[in-house]
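Summary of the model geometry
One letter stands for each residue in the lines below.
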Amino acid sequence: GAVVSQHPSRVICKSGTSVKIECRSLDFQATTMFWYRQFPKQSLMLMATSNEGSKATYEQGVEKDKFLINHASLTLSTLTVTSAHPEDSSFYICSAVAAGNQPQHFGDGTRLSIL
Amino acid sequence: AQSVTQLGSHVSVSEGALVLLRCNYSSSVPPYLFWYVQYPNQGLQLLLKYTTGATLVKGINGFEAEFKKSETSFHLTKPSAHMSDAAEYFCAVSEGGNTGKLIFGQGTTLQVKP
């Protein structure tokens, strides 16, 4: 089946650091990738929609300069949390969609902890 | 605007008992409906989905859900709970078909007691 790999699975870093999270579709080409954020014991909140070769579409309230998204190829999207602060600590999950009206396939998430 | 409400943030059942997780949705167009399961520190795994056609949908691990338009519901059931079913379950709606963005409910934690 369709596999989405997310890396790293966990990252701990100091406040002010920028952190890059990768989302790869391993066995299919993803025309669209989504980035979600999940706080403890809460649901997933969509942050942005990323289409290959174009600018990401951010949801209301999400700072595009804070959360940089790049979707340079049909198998890779990256989320960079710039100048991260403790309030950015969260579980970030990506999903990828192949062409042909297929369902979203999710990565295993990245636990980001900012000290 | 579309929305999803999951009734009961926490459901506890005994092993072998019926599992019923409730989901109600709001959508201005015929929705696509999904149930996902999440194990600790992992992403989401698709259990089942409703698009069009048959309103009773069967998924993996013995789960099924029934789309009831008149009740705007998509409740998830499993006849007999297994210990391995303990997890977080999310109902989601999409107005953009399979590839549209998903709006998730707040999630239901399923506890299975031996």
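Scroll up for the structure.
On a predicted model such as this, the values are computed, not experimentally measured, just so you know. (Residues numbered from 1 in each chain as written. Chains lettered and ligands numbered in written order. Predicted model: local features only at pLDDT ≥ 70, side-chain atom pairs only at ≥ 80, totals over all residues. Heavy atoms only, no water.)

1. A few points about the pairing of strand β2 (residues 10-14) of chain B
Residue and element names in this part refer to chain B.
- Here β2 shows one buried face, formed by Val11 and Val13, and one open face, formed by His10, Ser12 and Ser14.
- One ladder, built from five bridges, connects β2 with strand β11 (residues 108-113); its direction is parallel. Within the sheet, the bridge partner assigned to Ser14 lies in β11 and is Lys113. (Buried < 20%, exposed > 50% of the residue type's maximum accessible area, 1.4 Å probe, protein only. Helix = DSSP H or I, 4+ residues; strand = E, 2+ residues; numbered from the N terminus. Pairing = 2+ DSSP bridges.)

2. A few points about the pattern of salt bridges
- Under the definition given, this model contains five salt bridges over all chains.
- Its salt-bridge partner being Asp85(B), residue Lys78(B) comes within 2.8 Å of it at the nearest N-O pair. (Salt bridge = Lys/Arg side-chain N within 4 Å of Asp/Glu carboxyl O.)

3. Quick look at the interface of chain B and chain A
- In this complex, chain B contributes 19 residues to the contact, which on the side of chain A involves 21 residues.
- Surface buried jointly by chain B and chain A totals about 1500 Å² across both partners, of which 53% is contributed by carbon and sulfur atoms.
- In this structure, the connection of chain B to chain A is made through one salt bridge.
- Put simply, Lys101(B) and Glu59(A) hold a salt bridge, and the shortest N to O gap is 3.1 Å.
- Of all the secondary-structure elements, those providing two or more residues to the side of chain B that touches chain A are β4 (32-38) and β5 (44-50) of chain B.
- When its residues are assigned to classes, the side of chain B that touches chain A shows seven nonpolar, 10 polar and two charged. (Contact = heavy atoms within 4.5 Å. Buried area = accessible area lost by both parts, 1.4 Å probe. Nonpolar A, V, L, I, M, F, W, Y, C, P; charged D, E, K, R; others polar.)

4. Describing the nonpolar core
- Ranked by internal contacts, the top residues of the largest apolar core, which has 26 residues, are Trp35(B), Leu48(B), Leu76(B) and Tyr89(B).
- Elements represented by at least two residues in this core include exactly β2, β3 (19-26), β4, β5, β7 (64-68), β8 (73-78), β9 (87-94) and β11 of chain B.
- Filtering out sequence-adjacent residues up to four positions away, Tyr89(B) remains in contact with Gln6(B), Leu21(B), Trp35(B), Tyr36(B), Val37(B), Leu47(B), Phe63(B), Leu76(B), Gly107(B), Thr108(B) and Leu110(B).
- Judged by nonpolar contacts, the second largest core, of 24 residues, contains Ala48(A), Ala56(A), Ala84(A) and Cys94(A). (Core = buried A, V, L, I, M, F, W, Y, C linked by side-chain atoms within 4.5 Å.)

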